[in-house]
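Coordinate analysis (summary)
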Amino acid sequence: MQRRILVQISYSNKLNNFRFTKNAFASYKTQNLNLSGDADDSLYSDVPKPRRDKSERKPYPTPMKVLIQRAKAEREARKSQPVQLLEHPPANGLLVPELVPVAHQVYSAYQSLLSGLSKLVKVIPFQRCRFCSEVHVGHVGHEIRTCAGPKSGFRSATHVWRKGGVCDVVFFPECFHLHDRVGKSRVVHCEKDSVPRLPAIVELCIQAGVDLERYPTKRRTKPVYSIEGRIVDFDSVIENDETERNLILKDNHHIKPNFGAKNDGSESSSNLEKKGDWVDQSNDQEGKDLRKLSIRTMDSWFEMISGVKKIMEKYSVWTCGYCPEVQVGPKGHKLRMCRASKHQSRNGLHAWQEATIDDLVGPNYVWHVRDLNGPALENNLKRFYGKAPAIVELCVHGGAPVPDQYRSMMRLDVVPPQRDEVDLVA
């Protein structure tokens with residue numbers, strides 16, 4: 001009897017010890033998950049991964065299952081109602097009213113960003129690799145072996161540095177301008193020389209409501225119709241007939257056309273240009289202070305990024321899944337100009353998919369340098385160094401405060417060891 005009681009007591013003790021160790025392990029595991037940087041933490045951002053393999057396709061922002069479900073729903077709606085009047089902008093050819101001021105803000109911030117970068121690059125040392133797209137902020141280029149340019153194997157993947165420019169800080173890809181984003185939404189291969197190209201962010205602002213004389217666009221006042229998936233604009237046909245009748249009547253009565261409205265527009269545009277020149281002069285006077293210039297440039301960067309994200313929620317932007325080509329509009333163009341992986345199977349056509357903000361405004365990431373006049377970054381210590389977009393790195397060295405969302409990425413809380421302490425670090 002006593003032996004049976006002792007066996008039961010020992011078994012209960014073992015069970016309690018097992019439960020305690022299991023709970024302790026679970027609590028330790030949850031603590032490690034919380035300390036390792038939760039995805040819900042908005043202030044945590046890890047160092048971006050190295051450049052992906054060019055043969056791999058870009059990840060889809062929207063899962064493929066969701067895209068298939070949307071296509072099936074649109075096809076069923078088209079069968080049930082072949083002729084329908086599109087009501088929601090911008091699919092019906094009209095502007096989104098609440099995004100028109102946002103487009104103007106993005107365009108002004110874009111111009112302010114370029115003017116600020118052109119001045120910062122002259123003051124702060126900025127370098128780029130001769131053979132690849134790697135850039136660096138500092139008097140001495142880093143020694144991290146990440147070059148993937150031609151004949152990099154003979155140089156052991158070391159970079160060859162030279163002075164960089166504004167186009168190396170931020171990548172603004174170009175796209176084709178659409179005069180009518182709904183009626184003529186696609187550029188074919190035979191129009192590659194006749195259709196102008198411009199930065200995609202400018203084209204996005206134009207389609208969202210910004211009017212530029214160099215790139216005219218059609219503005220509608222009435223929505224268009226969709227007949228079995230094809231866009232038909234009956235109002236434009238009626239307007240063309242009316243304009244032809246008016247021209248015939250004017251020719252018969254020998255009435256000279258009145259260009260008063262155009263003259264007024266030219267005068268207003270000239271006045272705006274004069275005001276813009278005055279604003280540029282005032283900005284030049286204020287830009288003498290490097291710290292103010294850096295803060296203003298960084299504010300323009302964040303204002304532009306936030307505005308572009310809002311516009312991209314309504315206006316579609318497409319990118320190739322294998323190359324950096326982008327196109328703003330309902331569809332991608334039909335030019336056979338892709339030279340990326342698997343282009344033979346597509347006959348040179350691009351593999352269009354939904355674009356992200358990084359495809360439209362490509363931030364060129366650089367290694368963070370604490371001292372511009374310090375020694376070059378060591379290849380063996382690259383795991384201790386942080387990264388940041390080149391525009392943020394330039395503005396921080398110009399005197400602007402470090403943004404909260406890039407503190408963890410720049411690894412400001414990590415003290416890298418010296419060169420003679422490499423062997424002592426685990």
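Quick look at the structure, then. Computed from a predicted model, the values in this text were never measured in an experiment.

Glancing now at the overall build of the protein. Counting its regular elements, the protein contains ten helices and 15 strands. Contacts in the protein between residues far apart in sequence, at least 24 positions, make up 71% of those at least 6 positions apart.

Glancing now at the state of the cysteines. According to the stated counting rule, one finds zero disulfides in the structure shown. Residue cysteine 132 stays outside any disulfide, its sulfur separated by 3.6 Å from that of cysteine 129, the closest cysteine.

For the rest of this paragraph, the subject is the nonpolar core. Judged by nonpolar contacts, the single largest core of 60 residues is most densely connected at Trp301 and Met304. When residues of this core are assigned to their parent elements, the largest contribution, ten residues, is made by helix H3 (residues 100-123). Among all residues touching methionine 304, those that are not within four sequence positions of it are Val106, Ala109, Tyr110, Leu113, Phe172, Ile201 and Val361. Counting seven residues, the second-largest nonpolar core is a separate cluster that includes Ile144, Leu381, Phe384 and Tyr385.

For the structure on display, the rule yields one cavity of 30 Å³ or more. For the largest cavity, the calculated volume is near 50 Å³. Lining the largest cavity are His136, Val137, Gly138, Val140, Val369, Asp371, Leu372, Gly374, Pro375, Ala376 and Leu377. For the lining of the largest cavity, the class distribution of residues is seven nonpolar, three polar and one charged.

This paragraph deals with unusual backbone geometry. A negative phi angle characterises most non-glycine residues, just as the trans form characterises most peptide bonds. With an omega dihedral of 0 degrees, the bond running from proline 89 to proline 90 counts as a cis peptide bond. Tracing the chain through its elements places proline 90 in the loop between strand S1 (83-85) and H3. With a phi close to 55 degrees, arginine 411 is a non-glycine residue in the positive phi region. Secondary-structure assignment places arginine 411 in the segment after helix H10 (407-410).

A word on the pattern of salt bridges. Per the stated rule, a full pass over the model turns up eight salt bridges. Aspartate 359 serves as the salt-bridge partner of lysine 58, at 3.7 Å between the closest nitrogen and oxygen. Here the residue lysine 58 occupies a position in the loop between helix H1 (2-35) and helix H2 (64-80), and aspartate 359 occupies one in helix H8 (residues 357-360), the gap between them amounting to 301 residues. Here the two residues lysine 58 and aspartate 359 agree in accessibility, since each one is buried. Among the ionic pairs, aspartate 168 bridges to arginine 128, the shortest N-O distance being 3.2 Å.

Strand direction decides the pairing type here: strand S10 (residues 317-320) and strand S11 (residues 326-328), joined by three bridges, are antiparallel. Considered in S11, the bridge of valine 317 is made with valine 328. In terms of strand pairing, S10 meets strand S12 (residues 352-354) through three bridges, oriented antiparallel. Its bridge partner lying in S12, threonine 319 is registered against glutamine 353.

Tracing the sequence through the fold places serine 156 in the loop between strand S3 (135-137) and strand S4 (161-163). By relative accessible area, which is 43% here, serine 156 ends up partly exposed. C-alpha separation for the pair serine 156 and arginine 145, spaced eleven residues apart in sequence, amounts to 7.0 Å.

Time to look at the sheet that holds strand S2 (residues 126-129). Strand order across the open sheet formed by three strands is S3-S2-S4, with antiparallel pairing between neighbours. Every other strand in the sheet has two partners, leaving S3 and S4 as the edge strands with one partner each. Averaged over all adjacent pairs, the angle separating strand axes in this sheet is 35 degrees, with direction ignored. Sheet analysis places S2 next to S4, joined by three bridges and oriented antiparallel. Paired with cysteine 129 across the strands is tryptophan 161, a residue of S4. Contacts from helix H9 (residues 390-398) reach S2 and S3, with the element oriented near 15 degrees to S3.

This part is about a nonpolar patch on the surface. A surface patch of nonpolar side chains, amounting to about 320 Å² of accessible area, comprises Tyr60, Met64, Leu67 and Ile68. By relative accessible area, isoleucine 68 is classed as partly exposed at 41%.

Where helix H4 (residues 200-208) meets helix H7 (residues 290-312), the closest approach of the two axes is 11 Å, and the angle between their N-to-C directions is 55 degrees. Relative to H7, the element H4 is oriented oblique. You can see that H4 and H7 cross each other, and the crossing is left-handed. The segment H4 lies against H7, with Ile201, Leu204 and Ala208 engaging Met304, Val308, Ile311 and Met312. In the contact of H4 with H7, the residues fall into seven nonpolar, no polar and no charged.

On the surface, a cluster of positive charge is made up of Lys72, Arg75, Arg78 and Lys79. Relative to the elements of secondary structure, arginine 78 occurs in helix H2.

Rules and cut-offs
Residues numbered from 1 in each chain as written. Predicted model: local features only at pLDDT ≥ 70, side-chain atom pairs only at ≥ 80, totals over all residues. Heavy atoms only, no water. Helix = DSSP H or I, 4+ residues; strand = E, 2+ residues; numbered from the N terminus. Contact = heavy atoms within 4.5 Å. Disulfide = S-S within 2.5 Å. Core = buried A, V, L, I, M, F, W, Y, C linked by side-chain atoms within 4.5 Å. Buried < 20%, exposed > 50% of the residue type's maximum accessible area, 1.4 Å probe, protein only. 1 Å grid on protein atoms, 1.4 Å probe; cavity = no way out; pocket = protein on both sides within 12 Å on 5 of 7 lines; lining within 4 Å. Points joined across faces, edges and corners; volume = space filled by probe spheres on them. Nonpolar A, V, L, I, M, F, W, Y, C, P; charged D, E, K, R; others polar. Salt bridge = Lys/Arg side-chain N within 4 Å of Asp/Glu carboxyl O. Pairing = 2+ DSSP bridges. Axes fitted to C-alpha atoms, helices over the stretch in contact; angles between N-to-C directions. Patch = residues over 30% accessible without salt bridge, like charges linked within 9 Å, V, L, I, M, F, W, Y side chains within 5 Å. Areas by Shrake-Rupley, 256 points an atom, 1.4 Å probe, with all protein chains shown as cover. Parallel < 35°, antiparallel > 145°, perpendicular 65-115°, else oblique. Left-handed = near helix turned anticlockwise from the far one by under 90°. Lys, Arg positive; Asp, Glu negative; His and termini not counted. Charge placed at Lys NZ, Arg CZ, Asp CG, Glu CD.

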